[in-house]
Every structure is written in structure tokens, then in C-alpha cells.
Amino acid sequence: MSVALELAALLAYSDQERKKWRTWIEADPSRLAIPFQRGGRFPTVGNLLDHMFLVERRHLTRMKGGDVPDKTGVATDDWQGLLAYADTVRADLRSYLGGLTDQTAGQWMTFTVQSGTFTMTRRKLASHILLHEIRHLAQIAYAARLAGHEPPGEHDFFYASDVETMD
């Protein structure tokens, strides 16, 4: 099949989603304490967001060949710090992807994560960063609904504006 979805489209969609969730959190920062996974790795929505942004940083660092951080360093009750961290990581990702060539994107890399050792191209890892976030934001929307909070707006890629242009 020759039809491709460019990373730029997924990045634009992810950026739109982040704006909705940012506004939602800023309106009521206590929403970060919404239960997500009682007794699990991510007990609250805030913990899951911290994970989401850390994974973006970790994979970006892998693609750049740097030392992978273990944590964001943001306190669990510091919602402004968490959003600032997310902004910084996204700006770094945007910059990296903006300079990524087809040749570099197709380079294979091997790395180890908690669940094992994987070999993939930088293109696949960059795609994973965005899809990982999209999946977790959907989980957050579900958790918010269960807790009696209405998530912010429509979330499907279907509703995203300006992710493709008509030629």
C-alpha cells in the first residue's frame, strides 16, 4: 500500500489534544488526582501524565543517543511544573523531528526498556511516542468519565482540524 500518514499529522493531532487537556487541567488542577489505576503503577491521572511525558523524553533521548532519564523530576502535586515539562519535551521532539531525514529515520537502533530489548527504526520509535500518548489520553478520558468529570471536547483523529491540507 502506498498511502502514508505522516508524523507531522500525528504530531499536529497530539498537539491539539494536549491543548484541550491543558485547559481542562488548568481549570481544575485537582483533576490530576482522579483515580486511574488503584494499586497500580499509575494510581492517578497525574501519575499517568507524568509517565506519558517521561516516555516521550526517554525515547527522544534514545533517538538522539543520550543518557535516558529515570524520572521527570516534577513533584506529583506540581501541575504547573508537569505542564512546563511536557511543553519542553514536546518542543525538543518537534525540533528533532523537524531535522529528521528519511535516511536517519530509517536507521535501526537497539535499546532496552522494562519489558525487554527491541530493535526498530527511529521512524517507528517516533511514531510510537505519539501513539503511546494518544492511547493514554483515551484512557484518561475514560477515567475522567468514571469519576464524573466530562473530558474536554471530541478526541478522535476524525475531529482533528488542520492535520492534513488539501492540495
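Scroll up to find the structure.
Thresholds applied
Every chain is numbered on its own, with residues counted from 1 as its sequence reads. The model is predicted, so local features are restricted to residues of pLDDT at least 70 and side-chain atom pairs to those at 80 or more, both for listing and for counting; the totals for chains, interfaces and linings are taken over all residues. Only heavy atoms go into the side-chain values, all of them from the structure, while hydrogens and water stay out. Starting at the N terminus, helices and strands are each numbered in turn, a helix being any DSSP run of H or I of at least four residues and a strand any DSSP run of E of at least two. In a helix, the anticipated span is given by 1.5 Å times the number of residues less one. Two strands qualify as a pair provided DSSP detects at least 2 bridges between them. Here's how the labels work: a residue is buried when its accessible area is under 20% of the maximum for its type, exposed when over 50%, partly exposed in between, all with a 1.4 Å probe on protein chains only. Just so you know, the count uses Lys and Arg for positive and Asp and Glu for negative, and it drops His and the chain ends. Should a side-chain nitrogen of Lys or Arg be within 4 Å of a carboxyl oxygen of Asp or Glu, the pair is scored as a salt bridge. Counted as a polar contact is a pair of N or O atoms within 3.5 Å, where, for protein atoms, one must be capable of donating a hydrogen and the other of accepting one, and residues adjacent in sequence contribute only when both atoms are in side chains. What makes two residues a contact is simply this: any of their non-hydrogen atoms within 4.5 Å. To obtain each axis, a line is fitted to C-alpha atoms, and for helices this fit is confined to the stretch in contact; angles are then taken between N-to-C directions over 0 to 180 degrees. Should an angle fall under 35 degrees it is called roughly parallel, over 145 degrees roughly antiparallel, and 65 to 115 degrees roughly perpendicular, with every other angle called oblique. The hand of a helix crossing depends on one turn: near helix anticlockwise from the far one by less than a right angle means left-handed, and clockwise means right-handed. Each residue gets one label: Ala, Val, Leu, Ile, Met, Phe, Trp, Tyr, Cys and Pro are nonpolar, Asp, Glu, Lys and Arg are charged, and the others, such as Gly, are polar.

Next up on the list: helix H5 (residues 122–146). For H5, which comprises 25 residues, the first-to-last C-alpha distance of 36 Å matches the rise-based estimate of 36 Å (1.5 Å per residue) to within 8%. After H5 finishes, the residue Gly148 shows a positive phi value of roughly 85°.

A few words now on the pairing of strand E1 (residues 108–113). Sheet analysis places E1 next to strand E2 (residues 116–121), joined by six bridges and oriented antiparallel. Within E2, the position partnered with Val113 by the bridge is Gly116. Between E1 and E2, which follow one another and run antiparallel, lie two residues.

Tracing the backbone shows Arg122 in helix H5. Summary of buried charges: Arg122 has no salt-bridge partner, and the nearest side chain of opposite charge, Asp102, is 13 Å away. A polar atom in the side chain of Arg122 sits 3.3 Å from the side chain of Tyr96. Excluding its chain neighbours within four sequence positions, the residues that come into contact with Arg122 are Met63, Tyr96, Thr104, Ala105, Gln107, Trp108 and Met109.

This part covers the packing of helix H3 (residues 79–98) against H5. At a minimum axis separation of 12 Å, H3 and H5 run at an interaxial angle of 150°. With respect to H5, the element H3 is oriented roughly antiparallel. Our pair here, H3 against H5, has a crossing hand that is left-handed. Together, Arg90, Leu93, Tyr96 and Leu97 of H3 and Arg122, Ala126, Ile129, Leu130 and Glu133 of H5 make up the contact between the two elements. Split by residue class, the contact of H3 with H5 holds six nonpolar, no polar and three charged.

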